[in-house]
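# Coordinate analysis (summary)
Each chain, written out:
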Amino acid sequence: MRHARPCVTLLAIALLAACQSQPVSESSAAQDAAATSATLDSIQVRREAETRTRTQYGRAMPTAAPAPPPPAAMKVTAGYVAMQSPGLVSIPAEPANTERYAARDDNPVHRTREQSVSTFSIDVDTGSYSNVRRMLRDGVRPPADAVRAEEFINYFDYRHPAPVNRDVPFRVTTELAPAPWNSARQVLMIGIKGYDVAKATLPPANLVFLIDTSGSMDSPDKLPLLKQVFAQLVPQLRAQDRVSIVVYAGSAGLVLPPTPGDRHDEILEALDRLQAGGSTNGGDGIRLAYSMAKQAFVKDGVNRVILATDGDFNVGTIDQGALETLVGDQRKSGVALTTLGFGQGNYNDAMAERLADVGDGNHAYIDTPQEARKVLVEEMQSTLLTIARDVKIQIEFNPVYVSEYRLIGYENRVLKREDFANDKVDAGDIGAGHQVTALYEITPAGSGVDRLPPLRYAQAGATSEPGARNGEIAHLALRYKVPGQERSRLIESPVKADTFTRTPGEGFRFATAVAAYADLLRGGQHIDGWDWREVAAAARGARGDDRFGLRREFSDLVEQARQLTSRERETPAIARGQ
């Protein structure tokens, strides 16, 4: 209904002219003038707000020329333009979509002889995948910036081997095999698996549920789902745990002071009382939540604020930079922040993801009760218990064996080379049982499939230097901090050329299919013409022991995306309102 507003405007002008031709009393004219002034003021404010927020999933859209002022009889309510005149039908107006996503460009291809070192922070977030799943199920093609490849890849379990003991909190493994989209290239998969702990042996937890109860949360996929989500976590809580509930709308409030975790009925009753209404003062809510976390602080335990919101902060401290500073300062005091995203239409993904990064926490998007169970029940120990902090990876590729490389995803986690050994630089954390997967696409030297054109003045390189042809395609280094310590520890391991295999494992095959799927959703620029059907076939062939049906669901999503993009190509632009 993109053309509804111009039609309504023309009709409104005609009605206004007709009204002006009728005689009216002096008192009624004054009343009408006052009403017109008030209505125009409110509509003008709305129009200016729409001009600022008229976006399609965070991408600015062209703004139409200003329409003539509407008559007093027109009012705007909840996404509808209604004419207050007999015989006229209300016409639905297209609601503005103000979802916000941080702009990003894919990592570039690097020539190894020019830049042999790649450094990045690990990331265990998964919110991008479930958020995009929600869009596809609604028949909406996701905007490219909503797709973060590393969060797609890390959504799935690849059964990386766990550490033998806790001397080192995780184990690092690699696998090297042909890229499924071009067998002349290769993919290096890096897997990190943290040691696991039984839920019963988790240290005491001090949790503050920080819940958005503003008017924007008044939707079945927001506050009602949120209450259902937290209700699944409550039975997992123990007597040694402490739970607080802080809410925020126009102002922040304390619903439940620090309470023993085994008082399940009391906690559930407090959750059940929550209702949505008002504006969104997220800044005050965060401050109060951290205050409660400090009040119930557990030494040598888990201290965490769990923020559940659609991210639509609109009063109080709304500047994202100021919020990041606040969260970063509190992180240093030992209180982490996890963010859970909900809803659609005004979801602020950019803020939710960034606050979790700064707060040494993780970010997930909850679109179904099943996703809630995955995040807060099945993965509770990894969500709550951090076993390694500030984990950084650095790879040095050997130009004798590797002509080019490209890191898939992690665009907002790339670090400077010197940041690797700088313990003051913040990086991602790993929780108990967590796994992290990273993929590099590699162009072998001499393969003839380089993506970058040759340089006119390129140097011959260092093929004759001692150790250049040592059988290592790369050297992997990893730094991490034990919780409570400020000096990082170093792990190093070479990646041998003779580990290359043409029969990769099931996890490798599924992970590369997921990476290709993410690339297709972003435009398909890096997978050499591999298409939706080939991605789906690769995923089906690597389904394996699919305990929770997530890999089967993935294959269905690939097909949904294929059908959606096919319809878009077949639909004339004018029919799509372009």
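Nothing here was measured: the structure is a model prediction, and the numbers come from that model.

In terms of helices and strands, the protein chain carries 14 helices and 21 strands. Buried positions account for 51% of the 578 residues belonging to the protein chain. Restricting to contacts in the protein chain with at least 6 residues of sequence separation, those with at least 24 account for 79%. Put simply, the protein chain shows about 26,100 Å² of open surface, and 51% of that area lies on carbon and sulfur atoms.

Model confidence for the protein chain is summarised by a mean pLDDT of 82, while 78% of its residues fall at 70 or above. Segment residues 1-92: pLDDT under 50, and 83 contacts once partners within four positions in sequence are set aside and those in other chains are kept. Every residue in residues 573-578 scores below 50 in pLDDT, and together they form five contacts with partners more than four places removed in sequence or on other chains.

Let us now look at the nonpolar core. Here is a general trend for soluble globular proteins: nonpolar side chains tend to be buried in one another's company. With 67 residues, the main nonpolar core has F209, I211, F230, L340, F397, I430 and Y440 as its most contacted residues. Those residues in contact with L340 that lie beyond four places of it in its chain are F230, I306, L307, A308, T309, A364, I366, V375 and L376. Residues F156, V187, Y347 and L557 belong to the second largest nonpolar core, which totals 46 residues.

Attention now goes to the side chain of S130. Following the sequence through the fold, S130 ends up in helix α3 (residues 127-137). Within polar-contact distance, the side chain of S130 engages the backbone oxygen of Y365 at 2.7 Å. Contacts of S130, omitting those with residues within four sequence positions, involve Y365, D367 and E371.

What follows deals with the side chain of T565. Assignment of secondary structure puts T565 in helix α14 (residues 550-570). Here W532 takes part through its side chain, which lies 3.4 Å from a polar atom of the side chain of T565. With near-sequence residues (within four places) excluded, T565 lies in contact with R141 and W532.

Strand order in this open sheet of six strands is β12-β11-β10-β13-β14-β15, and the pairing throughout is mixed. Where the open sheet ends on each side, the last strands, each with one partner, are β12 (252-260) and β15 (363-365). Averaged over all neighbouring strand pairs, the angle between strand axes comes to 15°, with direction disregarded. Sheet topology note: the strand β11 (residues 242-248)/β12 ladder contains six bridges and is antiparallel.

Let us now look at unusual backbone geometry. Even without glycine at this site, R159 takes up a positive phi of about 55°. Looking at the secondary structure, you find R159 in the loop between α4 (149-153) and β8 (170-179). Although it is not a glycine, D390 adopts a positive phi angle of roughly 50°. By the secondary structure assignment, D390 is in strand β16 (residues 386-397). Residue D390 is classed as buried on the basis of its relative accessible area of 4%.

Applying the stated rule across the entire model yields 33 salt bridges. Of the charged contacts in the structure, one is a salt bridge between R287 and D284, with a shortest N-O distance of 3.2 Å. With R287 and D284 both in helix α7 (residues 282-295), this residue pair falls three residues apart, about one helical turn. A residue is classified by how much of its surface remains accessible, and D284, at 33% relative accessible area, is partly exposed. One salt bridge in this structure joins D390 and R389, with 3.8 Å as the shortest N-O distance.

The rules we used
- Residues numbered from 1 in each chain as written.
- Predicted model: local features only at pLDDT ≥ 70, side-chain atom pairs only at ≥ 80, totals over all residues.
- Heavy atoms only, no water.
- Helix = DSSP H or I, 4+ residues; strand = E, 2+ residues; numbered from the N terminus.
- Buried < 20%, exposed > 50% of the residue type's maximum accessible area, 1.4 Å probe, protein only.
- Contact = heavy atoms within 4.5 Å.
- Areas by Shrake-Rupley, 256 points an atom, 1.4 Å probe, with all protein chains shown as cover.
- pLDDT = per-residue confidence, 0-100.
- Core = buried A, V, L, I, M, F, W, Y, C linked by side-chain atoms within 4.5 Å.
- Polar contact = N/O pair within 3.5 Å; in protein donor to acceptor, adjacent residues only side chain to side chain.
- Pairing = 2+ DSSP bridges.
- Axes fitted to C-alpha atoms, helices over the stretch in contact; angles between N-to-C directions.
- Salt bridge = Lys/Arg side-chain N within 4 Å of Asp/Glu carboxyl O.

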